[in-house]
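Here is what each chain is made of, one letter per residue.
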Amino acid sequence: MTVDMIDRRRLALLLVVFCALAGCTAMRTPDDPPRVALPSNFGTENGADWPDELSAGWWRVVGQPGFGDLADRALAENYGLREAAARLDAAQAARRAVGDSFRPQTTLSPRLRWERTETRVRDPSSGIEGRATQRTTLGSTGAEASWEIDLLGRAAMQARAADADVSSTQADVAAARLSVTTELLRSYAQLGLAETEDRLLGRNLEARRRVLELVRQRAVGGIASEFDVARAETELRRIEARIPALAAERSAQRAAIGALLGEPYPFAGPAPFLDLS
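One structure accompanies this document, and this report is about it. (Residues numbered from 1 in each chain as written. Predicted model: local features only at pLDDT ≥ 70, side-chain atom pairs only at ≥ 80, totals over all residues. Heavy atoms only, no water.)

Turning our attention to the nonpolar core. If you look at the biggest cluster of nonpolar residues, it comprises 18 residues, and the most contacted ones within it are Leu70, Leu184, Tyr188, Ile257, Leu261 and Phe267. Considering every element that reaches this core, the biggest residue donor is helix H5 (residues 154–220), with six residues. The residues touching Leu70, leaving out its near neighbours within four places in the chain, are Leu184, Tyr188, Leu261 and Phe267. If you look at the next biggest cluster of nonpolar residues, it comprises eleven residues, including Ala194, Val215, Ala232 and Leu236. (Core = buried A, V, L, I, M, F, W, Y, C linked by side-chain atoms within 4.5 Å. Buried < 20%, exposed > 50% of the residue type's maximum accessible area, 1.4 Å probe, protein only. Helix = DSSP H or I, 4+ residues; strand = E, 2+ residues; numbered from the N terminus. Contact = heavy atoms within 4.5 Å.)

Structure, rendered in structure tokens:
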């Protein structure tokens, strides 16, 4: 093999290494990725800031202490929020673990073994031969250390991706909290409305029964007609037909509140009428 051929091969090898390094450098992610510019009023109406009471707990603006306690229970016991919190813990743990492969790694390998040695011995006075056993314990420890150098910035890119994952999960948790509290307020308000309607319906039902009895007495005396009696009965039956649907509405809202509170049974507490106007 001539010297020229050896030099050409060395030159070709250097070119390959140079191209590989250049390609790796070109694939590196920039330290400051591009950002999307958002309008100044994005997320709030007309760019206004949220009041302090809304930031601390918007449900307390409702002015019902009973609902505030329910909202606190839902935020603490709701299974969906627990799952979201667990995902956030996992994302934060993954963020803390980023870059572990680029930190110094130390491995210890202790070893322990036993040896048994038998030798022949002879008593000089009697001439009797025998065997002597000797046990030996041997221990050793080895240590290895390694450290991967981050030449291409992979650890920094992993850190940015993990930070983005944590931020996204935090936004998911905040959205889940908002969804639970707003759904709880909706069910609580509808339950209060159904309870109020049930009380009014009971009073109206009793009044219609008295009206029907009065119309029947007037019909016996010839003052009212059969048409008046039929109309009074129709009004009474119309009110009675509303009772099963109203009971089903109340049961559904109590079950929904119980599920939002993380309880296996329907909500059994009071629900006053809420004026949200």
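In an α-helix, one turn spans 3.6 residues, which is why side chains three or four residues apart end up on the same side. Over its 19 residues, helix H4 (residues 79–97) extends 27 Å from the first C-alpha to the last, a length consistent with the 27 Å expected when each residue adds 1.5 Å. The complete set of buried residues in H4 reads Leu81, Ala84, Leu88 and Ala91. When H4 is viewed along its axis, its buried side chains cluster within an angular range of 80° and face the same direction. Facing away from the buried side of H4, by more than 90 degrees, are the exposed residues Tyr79 and Arg96. Backbone nitrogen of Gly80 and a side-chain oxygen of the N-cap are separated by 2.9 Å at the start of H4; the cap is Asn78. (Expected span 1.5 Å × (residues − 1). Arc of directions from axis to C-beta. Polar contact = N/O pair within 3.5 Å; in protein donor to acceptor, adjacent residues only side chain to side chain.)

Two side chains carrying opposite charge are able to pair once their charged atoms lie near each other. Per the counting criterion, the structure on display carries 14 salt bridges. For the salt bridge of Glu83 with Arg87, the shortest nitrogen-to-oxygen distance reads 3.3 Å. Residue Glu83 and its partner Arg87 are both found in helix H4; the two are separated by four residues, about one turn of the helix. Exposure remark for Arg87: the relative accessible area of 42% places this residue in the partly exposed category. Put simply, Arg237 and Glu240 hold a salt bridge, and the shortest N to O gap is 3.4 Å. Here the residue Arg237 and the residue Glu240 both occupy positions in helix H6 (residues 226–260), the gap between them amounting to three residues, near one helical turn. Owing to a relative accessible area of 26%, Glu240 belongs among the partly exposed residues under this scheme. (Salt bridge = Lys/Arg side-chain N within 4 Å of Asp/Glu carboxyl O.)

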